[in-house]
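Summary of the model geometry
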Amino acid sequence: YEVLLSTIPLSKLTQMCALEVGASADPYTSVLVLNLGARKGRCCPDDHWVYVPSSSAGFHRVGFYSNVDPSFLPERRRIDRSHAAIYIEKAVRGGQELSLAEQNRFQAQAIEQLQDWEWIEDVEVADLTHVDVAYTWTMPGSRWRDQAVEALQRHSIFPIGRYGRWASAVTDQGLAQSIRDGLMAG
């Protein structure tokens, strides 16, 4: 190939390519995501997601896949709207993973808290996923991102998308921006 378009997180891509960028990489946040299929509780929100400023389980956001689109539920659960497909996010220091015991404790505490809030009742399925690069950050005055992109472009590697460009501004993270990146690359 003569040209490569990459959506791999910029920090990981520069490591994979063994490129010396000069500046230290900007930080990022990892996230532990608990996905649930559960019977809705009487107080289950109708929102797409809810930011939680404080929770005893340590999560910061709860999202409702099935409020975005009912097809996130099995067919038999869509008709009576008695169930919800949910994700619960817990931020973790970038590059670190919780131990299996910590993950299990988080899962139990998060489920218990959502049940206490009456957002859910019985949980039918639960699955934990670790997202290594979930949120990207730019240190004030940092030139790392620009230097990394320039170093990659010298090798005809073009980082695109939210993680490839290390987009930290909310306006640079949406679907429209990613579509624009793809069109511009063509």
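Residues numbered from 1 in each chain as written. Predicted model: local features only at pLDDT ≥ 70, side-chain atom pairs only at ≥ 80, totals over all residues. Heavy atoms only, no water.

1. Describing empty space enclosed by the protein
Throughout the structure, instances matching the rule amount to one cavity of 30 Å³ or more. Its volume calculated, the largest cavity comes out at about 50 Å³. Surrounding the largest cavity, K40, S66, N67, P70, L73, R77, R78, R81 and H83 form its lining. Secondary-structure elements contributing two or more residues to the lining of the largest cavity are α2 (65–68) and α3 (75–78). A per-class count over the lining of the largest cavity returns two nonpolar, three polar and four charged. (1 Å grid on protein atoms, 1.4 Å probe; cavity = no way out; pocket = protein on both sides within 12 Å on 5 of 7 lines; lining within 4 Å. Points joined across faces, edges and corners; volume = space filled by probe spheres on them. Helix = DSSP H or I, 4+ residues; strand = E, 2+ residues; numbered from the N terminus. Nonpolar A, V, L, I, M, F, W, Y, C, P; charged D, E, K, R; others polar.)

2. Digging into the sheet that holds strand β4 (residues 61–64)
The strand order β3-β4-β5-β2-β6 describes an open sheet built from five strands, whose pairing is antiparallel. Of all the strands in the sheet, the pair left with one neighbour each is β3 (49–51) and β6 (120–136). Each neighbouring strand pair of the sheet contributes to a mean axis angle of 20°, computed without reference to strand direction. Both strand β2 (residues 28–40) and strand β5 (residues 83–93) contribute to a ladder of eleven bridges, which runs antiparallel. The residue bridging L34 from the neighbouring strand is I88, located in β5. Relative to the sheet, helix α4 (residues 100–116) contacts β2, β4, β5 and β6, its axis offset from that of β6 by approximately 125°. (Pairing = 2+ DSSP bridges. Axes fitted to C-alpha atoms, helices over the stretch in contact; angles between N-to-C directions. Contact = heavy atoms within 4.5 Å.)

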